[in-house]
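# A closer look at the structure
Chain by chain, the residues:
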Amino acid sequence: MSISSVESAKDLAAAQAVKDHVFDGCRLGVGSGSTVVYAVKHLTELVKQSSFKVTCIPTSFQACQLITENGLELSDLARTPELDVVIDGADECDSDLTLIKGGGGCQLQEKLWPLVPRKWL
């Protein structure tokens, strides 16, 4: 798979996740990594087109910047301890959908997140 087709697949996956799982009043966890750029792009379009109120809780500085730069509502787990959905990427996935997450600076916080949301994408 070429780089452009990988990026295209990330964009399509992010668009579908936002379309299918984000709703008005959603408390949305925003993960880290390259796919999050696409998710925030599609989330921004959805919020502008639908006037949905979506509260975004980032796992990383990168996600926090993307949320802020796009004029989305920013919160944190201290103020918003229950999440409806988390959108995050993975570095690898096998045929059983076992995921391998990156080992970056967000890893500890992201390990705590499965305890919080109602739905993890």
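All residue numbers refer to position in the chain's written sequence, counted from 1. Restriction of local features to residues with pLDDT of at least 70 applies here, the model being predicted, together with a cutoff of 80 or more for giving and counting side-chain atom pairs; totals for whole chains, interfaces and linings are based on all residues. To get the side-chain values, take all heavy atoms of the structure and skip hydrogens and water.

Moving on, we get to helix H2 (residues 34-50). Each α-helix winds once per 3.6 residues, and so residues spaced three or four apart point in a common direction. Helix length check: H2, at 17 residues, gives a terminal C-alpha distance of 25 Å against a target of 24 Å (1.5 Å per residue), a fit within 8%. A 1.4 Å probe rolled over the protein chains alone gives each residue an accessible area, and that area as a share of the maximum for its type sets the label: buried under 20%, exposed over 50%, partly exposed in between. Secondary structure counts use DSSP, requiring at least four H or I residues in a row for a helix and at least two E residues in a row for a strand, with both numbered from the N terminus. Considered for burial, the residues of H2 that qualify are Val36, Tyr38, Ala39, Val40, His42, Leu43, Thr44 and Leu46. A positive backbone phi angle near 60 degrees is found at Ser51, which sits one or two residues after H2. Here a helix's expected span is defined as the number of its residues, less one, multiplied by 1.5 Å.

Moving on to the pairing of strand S4 (residues 83-87). Consecutive side chains along a regular strand alternate between the two faces of the sheet. Among the 5 residues in S4, 5 count as buried, and that is most of the element. Between any two strands, pairing holds if DSSP finds at least two bridges. The pairing of strand S1 (residues 27-30) with S4 spans 3 bridges and is parallel. Looking at S4, one finds that Leu28 is bridged to Val85.

Okay, the packing of H2 against helix H3 (residues 61-69) next. Comment: axis = line fitted to C-alpha atoms, over the contacting stretch for helices; angle = value between 0 and 180 degrees taken between N-to-C directions. Here H2 crosses H3 at 20 degrees, and the two axes come no closer than 10 Å. Our classification of the angle between H2 and H3 gives roughly parallel. H2 and H3 meet at a crossing whose hand is right-handed. Facing Val36, Val37 and Val40 of H2, the residues of H3 in contact are Gln62, Ala63 and Leu66. Classifying every residue of the contact of H2 with H3 gives 5 nonpolar, 1 polar and no charged. Note on angle classes: values under 35 degrees are labelled roughly parallel, values over 145 roughly antiparallel, values of 65 to 115 roughly perpendicular, and the remainder oblique. Whether a crossing is left-handed or right-handed is set by the direction in which the near helix is turned from the far one by less than a right angle, anticlockwise for left-handed and clockwise for right-handed. When checking whether two residues touch, look at their non-hydrogen atoms; a contact exists if any pair is within 4.5 Å. Asp, Glu, Lys and Arg are counted as charged, while Ala, Val, Leu, Ile, Met, Phe, Trp, Tyr, Cys and Pro are counted as nonpolar; the rest, among them Gly, fall into the polar class.

For Ser51, which is not a glycine, the phi torsion comes out positive at approximately 60 degrees. Note on Ser51: relative accessible area 62%, which makes it exposed.

Examined against the element boundaries, Gln16 turns out to sit in helix H1 (residues 3-21). With a relative accessible area of 39%, Gln16 lands in the partly exposed category. The spacing of Gln16 and His42 is 26 residues in sequence and 9.0 Å in space, taken between C-alpha atoms.

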